[in-house]
Each structure stands twice: as structure tokens, then as C-alpha cells.
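# Chains, contacts and geometry: an overview
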Amino acid sequence: TFPILPLVPALTLAMEPLDIVYTKESPDKRISMNCRARGNPAPTYRWRRDNWEIKLLELPTDHYSLVGGNLIINNPDEKKHAGTYVCVAKNIYGTVISKEAKVKFGFLEEFPDEERDPVTVKQGQGAVLICDPPKRWPYEVTFQWIFNEFPRFLHPDKRRFVSQSTGNLYISKVEESDAGNYSCYVFNPQIGKGVYSKFISLIPIEELPERKYKSDLVVKFPDTTAMLNYNVTLECFALGNPAPHIVWRKIGATDLPASAEVSMGGALLHLYNVQYEDASGYECEAINQKWQDWHQAWLYVEAAPEWAVTINNTQKDVGSEHTMSCVANGKPTPYIRWLKDGELKFSSLTFDDSGMYQCIAENYWGIIYASAELRVIACAPTFEFNPVKKYLLGANNGRVVIECKPRAAPRPKFTWTKGKEVLFNNSRISIMFDGSLEILNATRNDEGLYTCFAENDKGKANSSGILTITEATQITVAPEDTVAMVGDEVRLQCQASYDPSLDVTFIWSLDFRVIDLYLEWKHYQRVMDQENSGELKIMNVQIAHEGRYTCTAQTVVDNVTASADLKVKGRPGPPGGVRVEEIRDTSVKLVWNRGADHGNPVLGYTIQTRDFYALTKDDWRVASTSPTALNGMAVMADVVDLYPWMQYEFRVYATNEFGDGEASVPSIKIKTWDAVPVVAPTNVGGYGGKDGELVVTWTPVKPQFFYGKKFGYVVAFKPHDGSDWWYETISDPETRRYVHRDSSFGVTSDDFQVREFQVKVKTFNIKGDGPYSLTTTVYYPRDVPSESPTDVYARPVSSHEALVWWLPVMDTGTGLQQYIDGYQVKYWRKYDDTEPGANRIFVPATANQTRLENMRPDSHYLIEVRAYNGAGVGPPSEHCEMFTKRAPPSVAPRMWRYISWTGKWLYVWWDHIPYNWFGNESFPLYYKVMFRKTGYITGPIYMTGWHFMDFPMPQVGDYEINSSGPGKASFLRPTLNLAAVLLLALCIMGLET
């Protein structure tokens, strides 16, 4: 190929028609399809509908008209004008065809006029309101539901969901507030029209007690095909009580794609900018306390055609060979066809082959066009646009190439001369196919005037240049292999000799990557202390700087290189390929590949784990292994002491004499196998209530101890003197109490004050039962406590707190302490609060005192104490009256300080704060000086707690100064950095600052 004039295409499309959706309600009553082409001479236009040409000139109609290249359709009619349109532009150089554009007529019918049947459902059950949308085009619409009146739209949440596939409204569990009338609203955004259905009445029926219902997936996304680089949404929603929680997973992967987003309380999975790697199976799981339901379906990713290789405007010589190639990517694989001026044609190039060519790629998702002009030319050789360079340089003993590229068609014959000598191919000199002259092992004898002659059947031409040979560039001092420690400074030498008439440049690269000294100045610097030197200084060497360094000495004529290896010793690199090969219930087999030791043998490996309940992404913990110690040759180990049925990921790091290395990339997340639970509930207790109620309480087991699916509790209880246990199964793992009602459980005349029950609780899951808790005695009282606490006494601690004491409740008949569960303490301001709004504190039966908090300063309080048990609250004690202290001083003392010239003495003095005898603040009793050490003269900075200084100094302790004292103090601390001492003088009232 030889240089040619820039090719200006004779005909190109500047604007092509687009798909149109037309509605009868359109105010314009016309359709405009745009088409514009650039060309010289100006092109003419034709249009085709469904491959039939529209006779715009021969058979004009009232519907079609042509404005420029645009097709106007007046008063469109669906039967006559719906279809596929293409624009054809033509001039003397050829023809181009636009991409196809579809004209469709949009519509949205009304909902039927028939009344909708009401929906009656129990509270707690799920409900589905059917939309049954009318016929429409385009099919893509949005669905909303109107609640009671327009435009009050229902806002979906975790409990309520509107499917954008069917339009149905789903309510996972119906509540009393859901009662009302609902209407399905359908809106078509492309035609700007919306319609709504007749109202549907939803009637909740109260059910006591409200039942629990297992999760039931009623919205399940089907197998779905998404287009590459587009967005797709998958729907999943379940009914159930409690409202199920939706969890999404990508099958075969640890996480959802990075572009994924879950919304609408988990009901929608959005995948944005879908890629081929997103194609997979996806699973949604609905979980509540009664059941787990799941669904799986497949997401396929396909793509419209996209050009990988396309055609370009080209000039070719007459008689030459030419291949026009089009390659398109897409899924399914696109079908490719060719058009030349509207027809398929391939032949050897002649002037008749000039014209416009189009390549078309098409699959199910779309069609694309590529247009290019082929211009076949013939001309005599000319060097006008690309002459031989006038002055040429070559290196001694190097390779010299003198280019000769005239514009010519067909390809010319080339001849070279040096002076008057005609040159022929030999072992050193050869004429290349493109006309360039190659000289190997050039010497001073090769200097001179060189002329290139080009000739074809259209004519001939020549062009000349003068060749000068310079001294070759050579490396005189090469860099040497070096071993360094992390943090060292390294210098790599590089010096070169070169022709004095030229300039030399030194370029350094690391593993074939050129080092940018400007951007990487923190570690790399050129040393310019010697002439002709390109020495490289590497500062604060790190592991990342290890590799092969290459110095290149370069002139405009030639270049030469020399290389050296830098080895850096430091902490080991991260192990690779961390993977789990065997999974068990409490252990896994972990395998990894050794990483780089960076010049020092690896002493051992450490395995870390991160489970599902890790607080942060950096919450990694050292794992227990078998063997316990992993030496530097280890590539596998058993990780033990894991929780069954727990999601884990693992990483490994190596250690050498420099320390711990970088951790590996985490393994794929796995879940250990399930097992029988081994942890029992704790704090098992309870009490007897009213009307035969026995309440059993416990602290639920943490989720990591569930050890499997379908985790729950078995509550066992029996009368103390009974032999048979009663058992109740609780399927909710978060439950912490169980109430059993049996009228026979009440206290009888045979019982003294209470009836005793023994209770215990165990766990279970799908694998079996766990151990029982310790057996606990629960007391069922005969009645509420009959006596009240006595000798209630209280004293203030501060302006906001007080302490209260009392004597335990005793039975007046026996003198024994009555059975109670605890005490209730109430306190309120006598003149400012009401008793119903009093603060309440509940104290266990084993205590007879408590602290009252959040009180008001300088206030008159009433305090009352009652005993309580499962049957209720006993009578109140006599009211105890108490005054809280006044508030502490609100103004800080004004303080000064002086440091002696030796730095060993610090003198502090302050002003007494003023006191208002008629205010609501306490009288200041004494002052206290508090300081904190913030540093030492000879050591690093350390922060410690506050210290309280007495007077006189230098001893450390608590020192108090009477308010009538001198208001000054001095102290000695020989080791204290006095310039960094922070002092604070506080005014003290009683025990409160």
C-alpha cells in the first residue's frame, strides 16, 4: 500500500430514522421519519415500507410526502402505515441504506366496568389483590395501587409489594390498618396514558390470638434473558406471619455481583449494567420464624450486534487485491450480509468496483449497519506528499533504513542509486518490498547521496537524501545485580559513550515498565553528579521495587540497553490459591500455595477466619489448627473448633524473621455442615401469674450456636411433687418466654404460700436435640404480697441522685419473709409531678436498696416502695420524703500559672468564685486542683488519667483547700514536662464537682 490523498467519502448517512410509537390521541396527527445524507453531488432519497418502495413521485397520496430526505405520514392509519421503514440515499458514486425503523401504534384499553368482589382475610394471614390489567401496547407499563381515593397511592414496603410483572398487590400479613378500598392503576409512559380499575374492598377479620404463618413464596421470578449493558430486575415476595425476610444469592458464588442492589424490603434484586459474567442461577429465600421457602431460576445474558471489525473508506490501486472484512460480536452470534449499492458483489478490483459498500449484522436483539466507500484509482508516481528525507543519520555498525513511499497506482518498480552507482541486492544492501532501502553493518563508506526511482505504466519520479554515519552509542558502566533490605537506599549505575554531535537520554524501566521519575519521586531519583551518567537512586526500597531494571541510553540515531536484577529482602508475600477442599461440621481442610519468601525462609503460617457475624470487614480472628503450629513448609492444615452450620471465609499469612507478611486473598465463602446443638439456654426462670398462668423465661441461644436449620426450644415443667413432665415445643429461635395456662396450677389450700414448679429448657434443630439447662424452681404464689416494706429511708447523694433503703416484706403471722419476685420503687416531685407519671425502678427480691437517678436539683421528692410477685403488686409503703441537693457551681474559677526558670516549680493561683446567697446553687466548700501528664522530657508522648494534687507539694494525692484559703498553690515535679501540663481548678460542693 502506498501513500494516497485523504479520502473524503462521496456519500454518508448523517441522520437515520428511529422507531416510533404513535397514538391516536397525538395532537400532531402525523409521523415524521428523519433521514439525511451528506454527499457531493447531493443525493436523492427513496423510502421503503416492508421491502416495498413507496411511490412518492409516481403515485402521490394524501398520506405520504417527502421534505428533504424526511418522510412525513399525515393522518396515520394503523392498517396502512404500521410496518418497517428504511431510507435509501443515492448519488452518482453509489447508494446507502439506513437502518430499519418500526412504526407501531400504541394503545391502552380501559378496565372493564364490572364491580370487583371484596377480599376477606384473617389478620395475620397473607392476601393477594389481582390487578388483571387490560390490553396495551407497548407492553411495558408501571403498576401502582390507589388506597381509598385518588391520588392516594400505596407505598410498598417490606410487608406490601406491587409486582411490576403482573400488577398484583401482595400483602405478606394483613393488619387492621389495611382495611379499605384498593384500585389498580396502570400507566403507559410511552403514550402518556393511565387507567384504573374498579375498587376492591379488603376486609380484615380479627383473630385472637393472632396466629403465625409459615413463609410462602407467591412471587417467583422466571428464567430471564437480559441484554448486555442493560438493567434487569428480578422479583421475589412471600406471604407469612411474621413478615418473611428475603435473602438473595447467586448460585456458585459467595456474593451477589458488585452492581447488584436489593430494594423494596428484599423483594427486588436489581442488576445494573449486566455483563456476561452475571449469567448464572439466582436464588431467593424467604425466612420467618415458622418456615424457610426458596426458589431458583436462571438469568441468561445476550447482546445485540456490536462491531469488532468494520469497514472503512478506502482507496485501492486498479488491478490490486482487496478484502473487505466485517466481524460482529453478539449473542446469539450475528448473521452478516453484504450490500454494494444495494446488492451483494465480490470481484477483482476494477474501476467498476468503486462505490458504496454496506455490511449488515443482525440477530434477535437488533441490527447494525456499517458503510464505507471503495475508490479504485490509477496515477503516476509522485513524491509531492512524502519525499525521501533530505538528511539521514545512521549508527556505525548499525542497521539503516531509508524509506521510499511515493503515491502511485498501480504499485511502481523501485530502483536505488548511490551517487551515480546503481544499487543491487547483496548481503548488506537490499531493496524492501515497500521500496525502502536497508543497509546492514553500516560504515563511514556508506555515507553519500541516495536516490529512489519509482516507475509504473502511468509515469515515473525520484527523490534523494544524504546519509551521514555517526558513532554508535555504547554502555560503558552497566548496572549490577543487587540485594537490598526493605528500607535501604540502592544506587544502580549506568554510563554511556555516544557521538559528540548528538544528545543522549537515559530511560529506566522495571520489568519492561518505564519508570516515571516525576510521578514516582518518593522512591526514584536520577543522580546527575557525573557527565554521561544516568545513575538511578532508589530510596526506601520496598518489596514492590524488586525486579529487573533496564537502563536504555538513547539518541536520535540508535539506543542500547543493559539490565540488572534487584532482590529485596523483607516480609514474605501473600500465599496464593487459598481454598477449602473438605468441609465438616466443626472443621475444614484448607490448602494454599506458598508465596514469595523475599530472601528469607518462611518460619510459619497463620490461618485467620471471618464468620457471618463478623462486625466489620477487618474482623479477622486467628483460627485453631491441626497441627497447632504450621511450619514454613506447610501447604495445608485442618482448621478446627469451628461452629457447625456457620458461613466462613479463610485467609493465610506467612511469617519470617522480618515479621508477618501480607495476608492472602480470602477464600470463597463456605458453610460448615450442621450438627446437633450443644449449648443450652441460660438464665432459666419464671413466675406464676393469674388464673393458672405459669410463665417460663430464659435467655435465647445466640444464632452462632443454632448449629442447623429449624432451630427451636423444648420447655419442660412439672409440679415439684409431681413425677411426670409436661413438654412444649417452641419453633421461634428468638422466643424468650413461654406462658402455660392451666387452672389446676393455682395455689390450693394444701399449699402454704406458694406452689413450686420445676422447669428446664433445651434446644433442638433438624439434626436432633441438645442438652437441657439446669433445672430451676419457679414459685406460683397464692396471692399478691399482703405486706408492704417498712422503714423506708433515703438520703441525697448529689443534685441528681439519691440512695434509698427499706426492710424486707415479712408475714405478720409467721414472722417469715413472704415470697416475692422483687420490689417496685416509685419516686416523684411532691408539688410538681403526679403519681401516675412517677419514675419506676424494679429491684430483685434479694436487694433492699437502690440508687435513684435523673432527679431534679433542689427538689422535694416522695418515695414509695411496694413488693410484687407473679400475681401482682402489693400494698405501698409509707411515703418517704427527701430533698435533693442544690446544683453545683456553674462558674469555673479564674486561674493563672507561673513556671520557674528551672522548670521544676509550677505556681498556680485563682480567684474565688462569687456566691449568690439567694440563688439555687450550693455553697462552695473547697477547691481542688486537677492535672494530667501529657508527656515526658526524655521519652515519647504518653496520655494518662487525671491526677488530683494536694497542697503543699510535691506529693501526689488528693488535696483540698478550704474556700477561705489563700487561693494559690505551688508544687515540684522534677521529671514532669511542665510545658505540657494541663491544669484545671474545680469548685467542689460536698462530693459533687
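Preceding this section is the structure that the text describes.
Since this is a predicted model, take the numbers as computed values, not measurements.

Counting 22 residues, the largest nonpolar core has Cys131, Phe143, Trp145, Leu169, Tyr182, Cys184 and Val186 as the members making the most contacts within it. Residue assignment for this core shows that the elements contributing at least two residues are strand 14 (127–129), strand 16 (142–147), strand 18 (169–171), strand 19 (180–188) and strand 21 (200–205). Those residues in contact with Phe143 that lie beyond four places of it in its chain are Cys131, Pro133, Arg136, Val162, Ser163, Gln164, Ser165, Thr166, Gly167, Cys184, Tyr185 and Val186. Within the second largest apolar cluster, 21 residues are counted, among which are Ile31, Ala37, Ile54 and Tyr85.

Our next topic: the state of the cysteines. Enumeration according to the criterion identifies six disulfides in this entry. Put simply, Cys326 and Cys359 are joined by a disulfide, and their sulfur atoms are 2.4 Å apart. Taken together, the residues Cys326 in the loop between strand 30 (314–317) and strand 31 (327–331) and Cys359 in strand 33 (residues 355–363) connect sequence positions 33 residues apart. Cys326 sits in the buried class, given a relative accessible area of 11%.

So, about the pattern of salt bridges. The final tally for this structure, using the stated rule, is 33 salt bridges. We note a salt bridge from Glu581 to Arg579, for which the minimum N-O separation is 3.7 Å. Overall, Arg579 belongs to the partly exposed group, its relative accessible area being 34%. Salt bridges sharing common partners tie together Arg159, Lys173, Glu175 and Asp178.

To continue, consider the sheet that holds strand 17 (residues 160–162). Across the sheet, three strands lie side by side as 14-18-17; this open sheet has antiparallel pairing. The open sheet terminates on both sides in strands that have one partner only, identified here as strand 14 and strand 17. In this sheet, adjacent strand axes meet at a mean angle of 15° when their direction is disregarded. Across three bridges, the pairing between strand 17 and strand 18 is antiparallel. Bridging across to strand 18, Phe161 finds its partner in Tyr170.

What follows is about the side chain of Thr470. Here Thr470 is to be found in strand 44 (residues 459–470). For Thr470, a relative accessible area of 5% translates into the label buried. Beyond its immediate chain neighbours, meaning those up to four positions away, Thr470 contacts Leu393, Gly394, Ala395, Asn396, Asp499, Leu502 and Val557.

Moving on: the environment of Asn70. Checked against the element boundaries, Asn70 lands in strand 8 (residues 70–74). The class for Asn70 is partly exposed, based on a relative accessible area of 22%. The sequence separation of Asn70 and Met15 amounts to 55 residues, and the corresponding C-alpha distance is 9.8 Å. For Asn70, the residues in contact, after removing those within four places along its chain, are Met33, Asn34, Cys35, Trp47 and Ser65. A distance of 2.9 Å separates the side chain of Asn70 from the backbone nitrogen of Cys35, its partner in a polar contact.

It is worth spelling out the pairing of strand 24 (residues 232–241) at this point. Burial within strand 24 is extensive, with nine of its ten residues counted as buried. When strand 22 (residues 213–220) meets strand 24, the two strands line up antiparallel, connected through five bridges. Across the sheet, Asp216 pairs through a bridge with Leu239, a residue of strand 24. Pairing analysis gives four bridges linking strand 24 to strand 27 (residues 268–271), with the strands arranged antiparallel. Paired with Thr233 across the two strands is His270, which belongs to strand 27.

Calculation rules
Residues numbered from 1 in each chain as written. Predicted model: local features only at pLDDT ≥ 70, side-chain atom pairs only at ≥ 80, totals over all residues. Heavy atoms only, no water. Core = buried A, V, L, I, M, F, W, Y, C linked by side-chain atoms within 4.5 Å. Buried < 20%, exposed > 50% of the residue type's maximum accessible area, 1.4 Å probe, protein only. Helix = DSSP H or I, 4+ residues; strand = E, 2+ residues; numbered from the N terminus. Contact = heavy atoms within 4.5 Å. Disulfide = S-S within 2.5 Å. Salt bridge = Lys/Arg side-chain N within 4 Å of Asp/Glu carboxyl O. Pairing = 2+ DSSP bridges. Axes fitted to C-alpha atoms, helices over the stretch in contact; angles between N-to-C directions. Polar contact = N/O pair within 3.5 Å; in protein donor to acceptor, adjacent residues only side chain to side chain.

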